[in-house]
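Here are the chains, one letter per residue:
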Amino acid sequence: MSTVLKTIGIVGAGQMGCGIAQVSALAGYKVNIYDLSQERIESALATINGNLARQVSAAKMTDDERKAALSLISGSADVNDLAPMDLVIEAATEDESVKRKIYTLVCPVLKPDAILATNTSSLSITRLASATDRPERFMGIHFMNPVPVMKLVELVRGIATEEATFKMARDYVSSLDKTVTVAEDFPAFIVNRILLPMINEAIYTLYEGVGTVDAIDTAMKLGANHPMGPLQLADFIGLDTCLSIMQVLHEGLSDSKYRPCPLLVKYVEAGWLGRKSGRGFYDYRGEVPVPTR
Ligand SMILES: CC(=O)CC(=O)SCCNC(=O)CCNC(=O)[C@H](O)C(C)(C)COP(=O)(O)OP(=O)(O)OC[C@H]1O[C@@H](n2cnc3c(N)ncnc32)[C@H](O)[C@@H]1OP(=O)(O)O
Ligand SMILES: NC(=O)C1=CN([C@@H]2O[C@H](COP(=O)(O)OP(=O)(O)OC[C@H]3O[C@@H](n4cnc5c(N)ncnc54)[C@H](OP(=O)(O)O)[C@@H]3O)[C@@H](O)[C@H]2O)C=CC1
């Protein structure tokens, strides 16, 4: 555990917020999750409990460890409950206007010396920092999905981020037994600058009829040794998040090679967001995922 930070606030009880809460509690931090509705919080706590219970069943953790971790996590739809937190990590929807509104709400509640971080996949840290009252104590702490499994965390400084802030974030990430890589504040940083164009190209490959969903995913799993096919991974990340990242790359780098595939745009417009909405390139409503094209 970090010697300075003891309490972690999380904004956004989605898939990333749950994962960050889980690994933080397992490392001994007291965690408070904030989201818009109590219903969302309850569902997040149930997800975290389910993940920990699976670890207990697989004899990877004792039931006492599960209980100890759960006892460190609380959640509420009252933003004032973030007031005592030393570090608050915003993991809400990948939409700049949503994040800006959250900072307007959260900053007045926080201790003056609290650190505010964002788990954004792509947005400018410097620009997000300008919507806070503490650009020097603001930075990107970018976890990968699924958080409990993936070893990497990208750290991204904005132009105003102080060295003390960066060091505290690095110590926190190391205390979770994760590996830090440092990225400069460019659109989508390192992992998504490389990964998302590959996923977008896989969607173009489907759109142009080069292969079916199954053919494309099998090709990349068995032909390139990827643990998930690119369309399966897109569904796992969330197609809304994939589209937002491609839009940030396209606009931020002004290069047509990052143009989001029109099929990706259509799926998001249809509300087909991948696993989290029950349908994306696969249909998740049955026993096993079924390719939709
Ligand atoms: C968009 C961004 O901003 C950045 C990103 O995150 S990009 C996405 C990066 N992530 C990836 O690329 C993931 C690629 N996929 C994989 O690595 C693997 O398919 C996977 C680790 C997700 C699953 O691996 P697998 O071998 O097929 O499955 P499985 O054997 O069931 O699971 C392996 C472990 O992961 C855990 N796991 C799997 N999915 C999980 C989830 N959603 N949440 C928590 N734990 C999970 C399992 O419990 C299991 O743990 P143990 O080894 O302790 O038992
Ligand atoms: N998915 C991925 O693979 C990765 C995502 N990220 C990044 O992490 C962040 C979260 O992504 P992810 O967890 O996948 O997204 P999800 O859609 O799973 O979760 C987002 C959560 O934020 C909540 N939310 C929306 N608006 C507000 C608000 N104003 N106040 C509080 N909570 C709000 C949503 O609530 P509701 O559903 O009610 O709107 C939802 O619970 C994004 O910035 C994303 O880019 C980073 C790494 C990997």
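Residues numbered from 1 in each chain as written. Chains lettered and ligands numbered in written order. Predicted model: local features only at pLDDT ≥ 70, side-chain atom pairs only at ≥ 80, totals over all residues.

1. Brief notes about unusual backbone geometry
Excluding glycine, most residues fall at negative phi; most peptide bonds, likewise, are trans.
Point 1. Between Asn-145 and Pro-146 the backbone carries a cis peptide bond, its omega angle lying at 0°.
Point 2. You can see Pro-146 is positioned in the loop between strand 6 (138-143) and strand 7 (152-157).
Point 3. The phi dihedral of Ala-59 is positive, around 60°, even though this residue is not glycine.
Point 4. On the secondary structure map, Ala-59 appears in the loop between helix 2 (38-57) and helix 3 (63-71).
Point 5. At Asp-177, a residue that is not glycine, the phi angle is positive and equals roughly 65°.
Point 6. Mapped onto the secondary structure, Asp-177 falls in the loop between helix 6 (163-175) and strand 8 (179-183).
Point 7. Overall, the presence of 10 C-beta atoms within 10 Å leaves Asp-177 in the exposed class. (Helix = DSSP H or I, 4+ residues; strand = E, 2+ residues; numbered from the N terminus. Buried ≥ 20, exposed ≤ 12 C-beta atoms within 10 Å, placed from the backbone.)

2. Re the UniProt feature "site: Important for catalytic activity" (unreviewed entry) in the chain
Point 1. What UniProt calls "site: Important for catalytic activity" (unreviewed entry) maps, in this numbering, to His-142.
Point 2. Summarising the element assignment, His-142 is placed in strand 6.
Point 3. Taking the C-beta count within 10 Å as the criterion, His-142 has 25 such neighbours and is therefore assigned buried.
Point 4. Apart from residues no more than four positions distant in its own chain, His-142 is found in contact with Asn-119, Thr-120, Ser-121, Val-153, Glu-154, Val-156 and Phe-189. (UniProt positions renumbered as here; feature names shortened; annotations may be inferred. Contact = placed C-beta atoms within 7 Å.)

3. Looking at the environment of Ile-125
Point 1. Checked against the element boundaries, Ile-125 lands in helix 5 (residues 125-129).
Point 2. The exposure class assigned to Ile-125 is buried, which follows from the 27 C-beta atoms found within 10 Å.
Point 3. It is 13 Å that separates the C-alpha atoms of Ile-125 and Ile-89, two residues lying 36 residues apart in sequence.
Point 4. Each residue touching Ile-125, except ones within four places of it in the same chain, is listed here: Met-139, Gly-140, Val-156, Arg-157, Gly-158 and Asp-185.

4. Comments concerning the domain arrangement of the chain
Point 1. Domains assigned within the chain are domain 1 (7-183) and domain 2 (194-288).
Point 2. Computed from C-alpha atoms alone, the centre-to-centre distance between domain 1 and domain 2 is 26 Å.
Point 3. Every contact between the two is made by seven residues of domain 1 and, on the other side, eight residues of domain 2.
Point 4. Classifying every residue of the side of domain 1 that touches domain 2 gives one nonpolar, four polar and two charged. (Domains from an automatic or database assignment. Nonpolar A, V, L, I, M, F, W, Y, C, P; charged D, E, K, R; others polar.)

5. Here's the deal with the packing of helix 7 (residues 191-207) against helix 9 (residues 230-237)
Point 1. At their nearest, the axes of helix 7 and helix 9 sit 9 Å apart, and the two run at 120° to each other. The crossing of helix 7 and helix 9 is left-handed. When helix 7 is examined against helix 9, the residues Met-198, Ile-199, Ala-202, Ile-203 and Leu-206 are found in contact with a partner set consisting of Pro-230, Leu-231, Leu-233 and Ala-234.
Point 2. Partitioned by chemical class, the residues of the contact of helix 7 with helix 9 number nine nonpolar, no polar and no charged. (Axes fitted to C-alpha atoms, helices over the stretch in contact; angles between N-to-C directions. Left-handed = near helix turned anticlockwise from the far one by under 90°.)

6. A closer look at the site of ligand 1
Point 1. Around ligand 1 there are 19 residues in total, and Ser-121, Met-144, Asn-145, Pro-146 and Pro-227 lie nearest to it.
Point 2. At the level of secondary structure, the elements contributing two or more residues to the shell around ligand 1 comprise helix 2, helix 7 and helix 9.
Point 3. Top contributing element to the shell around ligand 1 by residue count: helix 7, with three residues.
Point 4. Class assignment of the residues belonging to the shell around ligand 1 gives a composition of 12 nonpolar, five polar and two charged.
Point 5. Counting the residues that make up the shell around ligand 1, at least three belong to each of domain 1 (7-183) and domain 2 (194-288). (Near = placed C-beta within 6 Å.)

7. Observations concerning helix 2
Point 1. Under the 1.5 Å per step criterion, the end-to-end length of helix 2 is 28 Å for 20 residues, consistent within 8% with the ideal 28 Å.
Point 2. When we look at burial in helix 2, the residues that qualify are Ile-41, Ala-44, Ile-48 and Leu-52. Buried residues of helix 2, viewed axially, fall in a sector of 65°; they line one side. Projecting away from the buried face of helix 2 at angles above 90 degrees are the exposed residues Glu-39, Glu-42, Ala-46, Gly-50, Arg-54 and Ser-57.
Point 3. Where helix 2 is buried, its residues contact helix 1 (15-26), strand 2 (30-34), helix 3 and strand 3 (73-76). (Expected span 1.5 Å × (residues − 1). Arc of directions from axis to C-beta.)

8. Points about the environment of Gly-274
Point 1. Assignment of secondary structure puts Gly-274 in the loop between helix 11 (262-269) and strand 9 (282-283).
Point 2. Those residues in contact with Gly-274 that sit more than four places away from it in its chain are Ala-234, Asp-235, Phe-236, Gly-238, Leu-239 and Gly-280.

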